[in-house]
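# Inside the fold
Below are the chains, spelled out letter by letter.
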Amino acid sequence: YKQAQDKFRQINQYIEVLDGLLRDLPPCEVLRVVDMGAGKGYLTFALYDYLTHTLKRRAELVGVEMRADLVATCNGIAQNAGFTGLRFVEGSIASYDCAGAAVVIALHACDTATDDAITKAVHAGAALVVVAPCCHKQIRREMKASAPGLHFLMRHGTYVERLGEMVTDGLRAQWLELHGYRTNLFEFISDAHTPKNVMIVATKRAQPLTRAELEKLRASVAETKAQFGIGYHQLERLLPLE
């Protein structure tokens, strides 16, 4: 029962965060949204209902999910509810083409699946990207215990995990900025309801970064990697810079 309550609060808070962001988007005839890793569709259904009934927007929302049984179940529910602009498709985040999407969201896509969602959103030129990551394993494996000045923390598994989360998401934010987005990173809900409570919000910039801004960001990424002994971040491979 508590688990269901916690999930409900997460979904409500996610929608509350999206509310202001969606209202700031430029008007369009049809708002196209993709939910990467939709699972049982709790967020997907809630967002579609919010868009169509509260914001009175005409929306096309696609939930991408690997598990065929969940896709079939969710499509049945959407059809029975008369949600004509909502559908679920079977497939991985990495293989789905987000072309035409104005908004790309992902709630707790595990480890580098969050990077896959970010990559697809950037390739689509999405105006808004909102992800709540989970399971930051890739950078945690990359971080070296001999990182300069951090050995006193890196010898404790708990702090390695916490540092891994912060460094991973901090680098994600910087990489999004290098690809033309403004970013904000914050806790969207109390950790009493989920320890995976950090959200990254990225909005497409109207103007490209200047050369000086690009070089400053590149230097910051390089400095972070050197400080923590990191060989690479997954987004470097998925979204290489020109």
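A brief look at the structure comes next. The structure presented is a predicted model; accordingly, all values stated were derived computationally and were not measured.

Each value, and the rule that gives it
- Residues numbered from 1 in each chain as written.
- Predicted model: local features only at pLDDT ≥ 70, side-chain atom pairs only at ≥ 80, totals over all residues.
- Heavy atoms only, no water.
- Salt bridge = Lys/Arg side-chain N within 4 Å of Asp/Glu carboxyl O.
- Helix = DSSP H or I, 4+ residues; strand = E, 2+ residues; numbered from the N terminus.
- Buried < 20%, exposed > 50% of the residue type's maximum accessible area, 1.4 Å probe, protein only.
- Disulfide = S-S within 2.5 Å.
- Pairing = 2+ DSSP bridges.
- Axes fitted to C-alpha atoms, helices over the stretch in contact; angles between N-to-C directions.
- Contact = heavy atoms within 4.5 Å.

## Brief notes about the pattern of salt bridges
- A full pass over the atoms with the stated rule returns 8 salt bridges.
- We note a salt bridge from Arg172 to Asp169, for which the minimum N-O separation is 2.8 Å. Residue Arg172 and its partner Asp169 are located together in helix 7 (residues 157-178), separated by 3 residues, close to a single helical turn.
- Given a relative accessible area of 1%, Arg172 falls into the buried group.
- Note that Lys225 is salt-bridged to Glu236, the shortest N-O span being 2.9 Å.

## Focus: the state of the cysteines
- The final tally for this structure, using the stated rule, is 0 disulfides.
- Here Cys28 is not disulfide-linked; the sulfur of Cys98 is the nearest cysteine sulfur, at 16 Å.
- Here Cys74 is not cross-linked by a disulfide; its sulfur's nearest cysteine counterpart is in Cys98, at 18 Å.

## Here we look at unusual backbone geometry
- A positive phi angle, close to 60 degrees, is found at Lys56, a residue other than glycine.
- Relative to the assigned elements, Lys56 resides in the loop between helix 2 (42-54) and strand 2 (59-65).
- We note that Cys135 has phi near 55 degrees; this positive angle belongs to a residue other than glycine.
- Within the secondary structure, Cys135 sits in the loop between strand 5 (128-134) and helix 5 (137-142).
- By relative accessible area, Cys135 is classed as partly exposed at 29%.

## Considerations on the sheet that holds strand 4 (residues 103-110)
- If you trace the 7 strands from one edge of the open sheet to the other, you get 3-2-1-4-5-7-6, paired in mixed fashion. In the strand order of this sheet, the two ends are held by strand 3 (86-90) and strand 6 (181-187), each with one partner. On average, adjacent strands in this sheet sit at an angle of 15 degrees to one another, irrespective of strand direction.
- Examined bridge by bridge, strand 1 (residues 31-36) and strand 2 share 6 bridges and lie parallel to one another.

## With respect to the environment of Ile139
- The residue Ile139 is located in helix 5 in this model.
- With relative accessibility at 0%, the residue Ile139 sits in the buried group.
- Spatially, the C-alpha atoms of Ile139 and Asp111 are 9.2 Å apart, while their sequence positions differ by 28 residues.
- Look past the residues within four positions of Ile139 in its chain and what remains in contact with it is Gly164, Val167, Thr168, Leu171, Ile230, Tyr232 and His233.

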